[in-house]
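# Per-entry structural report
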Amino acid sequence: MEHRETEGEPVVDRTRPLGYEEWREARDGLLARYPFLHYEAVGASVLGRELGVFRIGSGQREIHYNGSMHANEWITGMMLMVFLEELAEAYRQDGLFMGLSASRLLERTTLWLMPLVNPDGVNLALHGLEGTGDLSSQLREWNGGRTDFSNWKANIRGVDLNDQFPANWEQERARRDTGGPGPRDYTGEAPLVEPEALALAEFTQIRSFDMVIAFHTQGREIYWNYRDQEPAESVVWAERFRKASGYVPVKLAGSDAGYKDWFIQEFGKPGFTVEAGFGINPLPLQQFPTIYREAAAIMLEGLKG
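Residues numbered from 1 in each chain as written. Predicted model: local features only at pLDDT ≥ 70, side-chain atom pairs only at ≥ 80, totals over all residues. Heavy atoms only, no water.

### A few points about the confidence of the model for the chain
Note that predicted coordinates carrying low pLDDT should not be read in detail. Using the following cut-off: Values of pLDDT, which run from 0 to 100, indicate the predictor's confidence residue by residue. What makes two residues a contact is simply this: any of their non-hydrogen atoms within 4.5 Å.
Of all residues in the chain, 98% have pLDDT values of 70 or greater, and the mean over the chain is 96. A low-confidence stretch, residues 1-6 stays under pLDDT 50, and its non-local contacts, those more than four residues away or across chains, total 16 contacts.

What follows is the structure, encoded as structure tokens:
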């Protein structure tokens, strides 16, 4: 696919879902238009699709946002790509971003974005068995014989990537009590055995971020704690996010092995899961403007430090 370089025309297409090919097209377009963006590959999916991160900013404080960890939550990857584009454009123009100086924001904070954690799963949810090759019959069986994969959450091996992190993984496996691979809730055979989860964990360990937010859908909620291991500032941040977005902070119990759980446990720093939008997954594209506006307010608040 060719990326669009027409001056003033958005690079990230808001009119169609963001699958892997659309993400690559947008990636190339953003890197061409904004040469100050840094991009690097940090791994590959089960099917060999590139797992990539963007960096914008030069501040000593480093934060990370990710999306599309669950396949049918592909709209979160779109949110992150649009946010990156709008922030980059404001920075290029030395202008305001959502009412604040983009250059000042990015002098204080460096933002790392991984919009598409689960590219195989996202493509499966959007395009069905197209391109799955030898896996197609197994995937259909895991999906109960259905060829509609629009509600698939897992990766291409039927593992829920947000149940793959070494934070009381054994308890989560027992709680889920799933028989094996499928559309959702299967933890895998051990933590970090899926390449997408491993790549995200290794990237996070290298950077040792000051804060992370994993964007999911839906419910308009903010999960900010983990087994009382979170720092005191986490609840303060959650309240800031509430004021910015209207989302409700929730002190979660009975959930383990998620990315933010592991981040809090491993680093003792603020980690969040934001459940964007409201409705039934996959959220319809028509809701994107509202979902983006609310989630972008949280992303901006995180940037402010």
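### Digging into the environment of methionine 211
In plain terms, the rule: Each helix is a run of DSSP H or I of at least 4 residues and each strand a run of E of at least 2, with the numbering of both proceeding from the N terminus.
Note on placement: methionine 211 falls in strand S7 (residues 211-217). When the C-alpha positions of methionine 211 and isoleucine 291 are compared, they lie 22 Å apart, and in sequence the two are 80 residues distant. Methionine 211 has contacts with Arg61, Glu62, Ile63, His64, Trp237, Phe241, Phe263, Pro270, Phe272 and Gly302, leaving out every residue within four places of it along the chain.

### Here we look at the pattern of salt bridges
How we decide: Note on definitions: salt bridges are taken to be side-chain nitrogens of Lys or Arg within 4 Å of carboxyl oxygens of Asp or Glu. Each residue's exposure class comes from its accessible area (1.4 Å probe, protein chains only) as a fraction of the maximum for that residue type: buried when under 20%, exposed when over 50%, partly exposed otherwise.
Counted according to the given criterion, the structure contains 25 salt bridges. Arginine 184 is the salt-bridge partner of aspartate 185, the closest N and O atoms lying 3.2 Å from each other. The partly exposed category is assigned to arginine 184, whose relative accessible area is 43%. Its salt-bridge partner being arginine 227, residue aspartate 256 comes within 2.7 Å of it at the nearest N-O pair. Here aspartate 256, found in the loop between strand S9 (248-250) and helix H9 (259-267), pairs with arginine 227, found in the loop between strand S8 (221-223) and helix H8 (233-245); they are 29 residues apart in sequence, far enough to count as distant. The exposure class of aspartate 256 is buried, given its relative accessible area of 5%. Residue class for arginine 227 comes out partly exposed when judged on its relative accessible area of 45%.

### Observations concerning the packing of helix H2 (residues 75-92) against helix H10 (residues 288-304)
For clarity, the cut-off: Axes here mean lines fitted to C-alpha atoms, for a helix over just the part in contact, with angles spanning 0 to 180 degrees between N-to-C directions. Working rule for angles: under 35 degrees goes down as roughly parallel, over 145 as roughly antiparallel, 65 to 115 as roughly perpendicular, anything else as oblique. Helix crossings get a hand from a simple test, with the near helix turned counterclockwise from the far one by less than a right angle marking a left-handed crossing and a clockwise turn marking a right-handed one. All amino acids are sorted into three groups, where Ala, Val, Leu, Ile, Met, Phe, Trp, Tyr, Cys and Pro are nonpolar, Asp, Glu, Lys and Arg are charged, and the leftover types, Gly among them, are polar.
Where H2 contacts H10, the two axes come as close as 10 Å, and the packing angle between them is 60°. Taken together, the axis directions place H2 and H10 in an arrangement best described as oblique. Between H2 and H10 the crossing geometry is right-handed. Where H2 approaches H10, its residues Ile75, Met78, Met79, Leu80, Val82, Phe83, Glu86 and Leu87 are matched on the opposing element by Phe288, Ile291, Tyr292, Ala295, Ala296, Met299, Leu300 and Leu303. Of the residues that constitute the contact of H2 with H10, the class distribution is 15 nonpolar, no polar and one charged.

### Structural notes on the pairing of strand S6 (residues 109-114)
The criterion, for reference: Pairing between two strands is assigned when DSSP locates at least 2 bridges connecting them.
Taken across its six residues, S6 has six buried, putting it largely inside the fold. On S6, burial covers both faces: Thr109, Leu111 and Leu113 on one face and Thr110, Trp112 and Met114 on the other are all buried. Relative to S6, strand S2 (residues 50-56) runs antiparallel, the two being bridged by three bridges. The residue of S6 that forms the bridge with arginine 55 is tryptophan 112. Where strand S3 (residues 61-66) and S6 come together, six bridges link them in parallel fashion. Residue pairing for S6: histidine 64 is matched across the bridge by tryptophan 112.

### Quick word on the packing of aromatic side chains
The cut-off we apply is this: We call Phe, Tyr and Trp rings a pair once their centres come within 6.5 Å, taking the six-membered ring for Trp, and we label the pair stacked below 30 degrees between planes, edge-to-face above 60, and tilted otherwise. Criterion for a charge above a ring: Arg CZ or Lys NZ at most 6 Å from the ring centre, at most 35 degrees from the ring normal.
What the rule picks out here adds up to 18 aromatic pairs. The interplanar angle of 55° and the centroid separation of 5.5 Å between the aromatic rings of phenylalanine 149 and tryptophan 152 together place this pair among those described as tilted. When sorted by exposure, phenylalanine 149 lands in the same class as tryptophan 152, which is buried. Summarising the aromatic geometry, the rings of phenylalanine 263 and phenylalanine 267 are spaced 5.1 Å apart at their centres and angled 35° between planes, so their arrangement reads as tilted. Taken together, the positions of phenylalanine 263 and phenylalanine 267, both in helix H9 and four residues apart, correspond to about one turn of that helix. Three or more aromatic residues joined by ring pairs form one cluster here, namely Phe165, Tyr259, Trp262, Phe263 and Phe267. A cation over an aromatic ring shows up here: arginine 240 above the ring of tryptophan 237, its NZ or CZ 4.2 Å from the ring centre.

### Looking at H8
Condition: Multiply 1.5 Å by the residue count of a helix minus one, and that product is the helix's expected span. Arc definition: directions from the helix axis to the C-beta atoms.
For H8, which comprises 13 residues, the first-to-last C-alpha distance of 18 Å matches the rise-based estimate of 18 Å (1.5 Å per residue) to within 8%. Turning to H8, its buried residues number three or more, namely Ser234, Trp237, Ala238, Phe241 and Ser245. One face of H8 carries all of its buried residues, which in axial projection span an arc of 105°. Close packing links the buried residues of H8 with S3, S7, S8, S9, strand S10 (271-276) and H10. Phi for glycine 246, located one or two positions after H8, is positive at around 85°.

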